[in-house]
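Reading the structure
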Amino acid sequence: MDRIHILGGERLEGEVLIGGAKNAALPLMASSLLSSSPLTLSNLPHLVDITTMVQLLGDLGVKISMDGDSPNGGYAGRAIKMDASEPLEKSAPYDLVRKMRASVLVLGPLLARWGEAKVSMPGGCAIGTRPIDLHLSALEALGATIDLKEGYVNATAPNGLKGCEINFPFVSVGATENILMASTLAKGKTIIKNAAREPEIIDLANCLADMGASINGAGTDTMEVVGTEELNGTDYQIIPDRIETGTYAIASAITGGDLLLRGARFDTLSAFFSLLGKAGVEVIQENKGVRIKRTTEQLAAVDIYTEPYPGFPTDMQAQIMALMAVAKGKSIITESIFENRFMHVPELCRMGADIDVNGSSATVNGVSKLSGAELMATDLRASVSLILAGLVARGETIINRVYHLDRGYERVEEKLGMCGANIKRVSF
Ligand code: EPZ
């Protein structure tokens, strides 16, 4: 088990290299199942969730080779080659799906390529029940037979999938991704309405198009896919991680720092950056990335409402709450996507934050100072919000259960340490 120790009060300066996007890499890796030719992904982040997906694809029979260095060397992500040419296992076991619900993204590709798939129901997680009913009803609309038995989804489509119009009742990133992948091999045209518009969806659509898929409308709420007999392989570079970008932007803002987020893409975080600007943080586009500088002595409180892209991302809610905890004034933070994504609140309050939760809204009254404390991480984004608070708290902050953190952040203590943070990881 590891824990992270932070001595707060250091101002961050310098440069952070932004890695490949976890939430783009996971569906992209699943799409390797769609083709009998190898798919190579570069700029792959080194994260526990990626390792879990490698394990799952390996268990399914995909031949995988990982090159430790990316073409441009250094820590600019690794390259992974996945070859799904041999007949595959069709079952994703509970112990892997339980660890990472994104495992459900193998359902659509397996069904489209092989006409059958057995995937464990993911079960809930810390931030909510997170059902997959939209995935399943859309696959049924494409002609699959879905049978739920003993905690598993048994999906079959012996005559293949057939394109149709899918109209999602609300936006789901994962369901959009599963259907987008499945429809590339379905007979005829599929129209996906109320599709998710996240940059990770665009990245997946771009890679599928490189593999020979015919896709229009990626990044809008209506996507059109014309199915094809088979897809080729390709070499594809994963986009930078916008949530890692936002997280380090807050690390700079909360410490009154000046950080260049190398490789960051400004256009993928417009709603977030505009709120940061309102709080008194300067966001500057540069050719090497995005620079984040605190321009005011005192941060201003702003209200936040999480929404599907291009709105404010739910994956940045815990992090901006840490910033608002030390801003001047009152901030109302409303979480509209998940029903239980305030697990960081009690821990921030133990550091002296003044936060009241009422249903899906949290009222944050900024305080002048937080105090270090021993804390418990509960989920990926909650963990990093505790680190952000620890950077500015008086004294020492100790964060337990950092395995949550390692699912989505690569070498966080190294990246922060290189910019001046007094932070270390202790194994015990
Ligand atoms: C993706 O999860 C991301 N994960 C999440 O990031 C992110 O928070 C989420 O999208 C929203 O942006 C990956 O990309 C691997 P959804 P996903 O389907 O696809 C409900 C992180 O921290 N829903 O858009 O699972 C669901 O419960 C992770 O990196 C159904 O009810 O999210 C949620 O309330 C956390 N039925 C809402 O919709 C369904 O069939 C949005 O979920 C599907 C979803």
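Residues numbered from 1 in each chain as written. Predicted model: local features only at pLDDT ≥ 70, side-chain atom pairs only at ≥ 80, totals over all residues. Heavy atoms only, no water.

**A word on the sheet that holds strand S15 (residues 258-262)**
Taking strand neighbours across the sheet as the criterion, the 4 strands line up as S2-S15-S17-S16 in an open arrangement whose pairing is mixed. Looking along the sheet, the strands with just one partner apiece sit at the ends: strand S2 (13-17) and strand S16 (281-286). Neighbour-to-neighbour, the strand axes of the sheet open up by a mean angle of 20 degrees, direction not taken into account. Alignment of S2 against S15, held across 5 bridges, turns out to be parallel. Its bridge partner being in S15, Glu15 is matched across the sheet by Leu260. Of the strands in this sheet, S2, S15, S16 and strand S17 (289-294) touch helix H8 (residues 242-254), which is tilted by about 170 degrees from S15. On top of the sheet, helix H9 (residues 270-278) reaches S16 and S17; it is set at about 135 degrees to S16, its chief contact. (Pairing = 2+ DSSP bridges. Helix = DSSP H or I, 4+ residues; strand = E, 2+ residues; numbered from the N terminus. Axes fitted to C-alpha atoms, helices over the stretch in contact; angles between N-to-C directions. Contact = heavy atoms within 4.5 Å.)

**Focus on the site of the ligand**
Among the 22 residues in the neighbourhood of the ligand, the closest are listed as Asp133, Ser172, Asp315, Ile337 and Arg381. A distance of 3.0 Å separates an oxygen atom of the ligand from a polar side-chain atom of Asn23. Taking Asp133, its side chain carries an N or O atom lying 2.7 Å from a nitrogen atom of the ligand. In the complex, 87% of the free accessible area of the ligand, which totals 830 Å², lies under the protein chains. (Near = heavy atom within 4 Å. Polar contact = N/O pair within 3.5 Å; in protein donor to acceptor, adjacent residues only side chain to side chain. Areas by Shrake-Rupley, 256 points an atom, 1.4 Å probe, with all protein chains shown as cover.)

**As for the packing of H8 against helix H10 (residues 317-324)**
To characterise two packed helices, one gives the angle between the axes of the helices and the distance between these axes. Look at H8 against H10: their axes get within 10 Å of each other, and the N-to-C directions meet at 5 degrees. The angle between H8 and H10 falls in the class roughly parallel. Where H8 approaches H10, its residues Ile243, Thr247, Ile250, Ala253 and Ile254 are matched on the opposing element by Gln319, Ile320, Ala322 and Leu323. A class-by-class count of the residues in the contact of H8 with H10 yields 7 nonpolar, 2 polar and no charged. (Parallel < 35°, antiparallel > 145°, perpendicular 65-115°, else oblique. Nonpolar A, V, L, I, M, F, W, Y, C, P; charged D, E, K, R; others polar.)

**Details of the confidence of the model for the protein**
Residue-level pLDDT values for the protein average 94, and 97% of them are 70 or greater. Across residues 70-75, where pLDDT falls below 50, the model places 7 contacts with residues more than four positions away in sequence or in other chains. (pLDDT = per-residue confidence, 0-100.)

**Here we look at the pattern of salt bridges**
Scanning all chains against the criterion turns up 23 salt bridges. Arg425 is paired through a salt bridge with Asp2; the nearest N and O atoms lie 2.9 Å apart. Highlighted residues: Arg425 in strand S24 (residues 422-427) and Asp2 in strand S1 (residues 2-7), separated in sequence by 423 residues. Measuring nitrogen to oxygen at the nearest pair gives 3.8 Å for the salt bridge that ties Lys193 to Glu165. Taken as a pair, Lys193 in strand S11 (residues 189-193) and Glu165 in strand S10 (residues 165-167) lie far apart in primary sequence, 28 residues in all. Connected via shared salt-bridge partners are Asp2, Asp406, Glu413 and Arg425. (Salt bridge = Lys/Arg side-chain N within 4 Å of Asp/Glu carboxyl O.)

**Here we look at unusual backbone geometry**
Here the residue pair Tyr309 and Pro310 is connected by a cis peptide bond, since its omega of 10 degrees sits within 30 degrees of zero. Unusually for a residue other than glycine, Glu150 sits at a positive phi of about 50 degrees. With respect to the helices and strands, Glu150 occurs in the loop between strand S8 (145-149) and strand S9 (152-156).

**Let's talk about the side chain of Arg78**
Examined against the element boundaries, Arg78 turns out to sit in strand S5 (residues 78-83). One polar contact links the side chain of Arg78 to the main-chain carbonyl oxygen of Pro45, over a distance of 3.1 Å.

**Here we look at the side chain of Thr52**
Within the secondary structure, Thr52 sits in helix H2 (residues 48-60). The contact partners of Thr52, leaving out residues within four places of it in the chain, are Leu96, Lys99 and Met100.

**Notes on the sheet that holds strand S13 (residues 222-226)**
Sheet architecture is open: 4 strands sit in the order S10-S11-S13-S12, paired in mixed fashion. Lying at the two open borders of the sheet, with one neighbouring strand each, are S10 and strand S12 (214-216). Each strand of the sheet is rotated relative to its neighbour by a mean of 15 degrees, with strand direction disregarded. When S10 meets S11, the two strands line up parallel, connected through 3 bridges.

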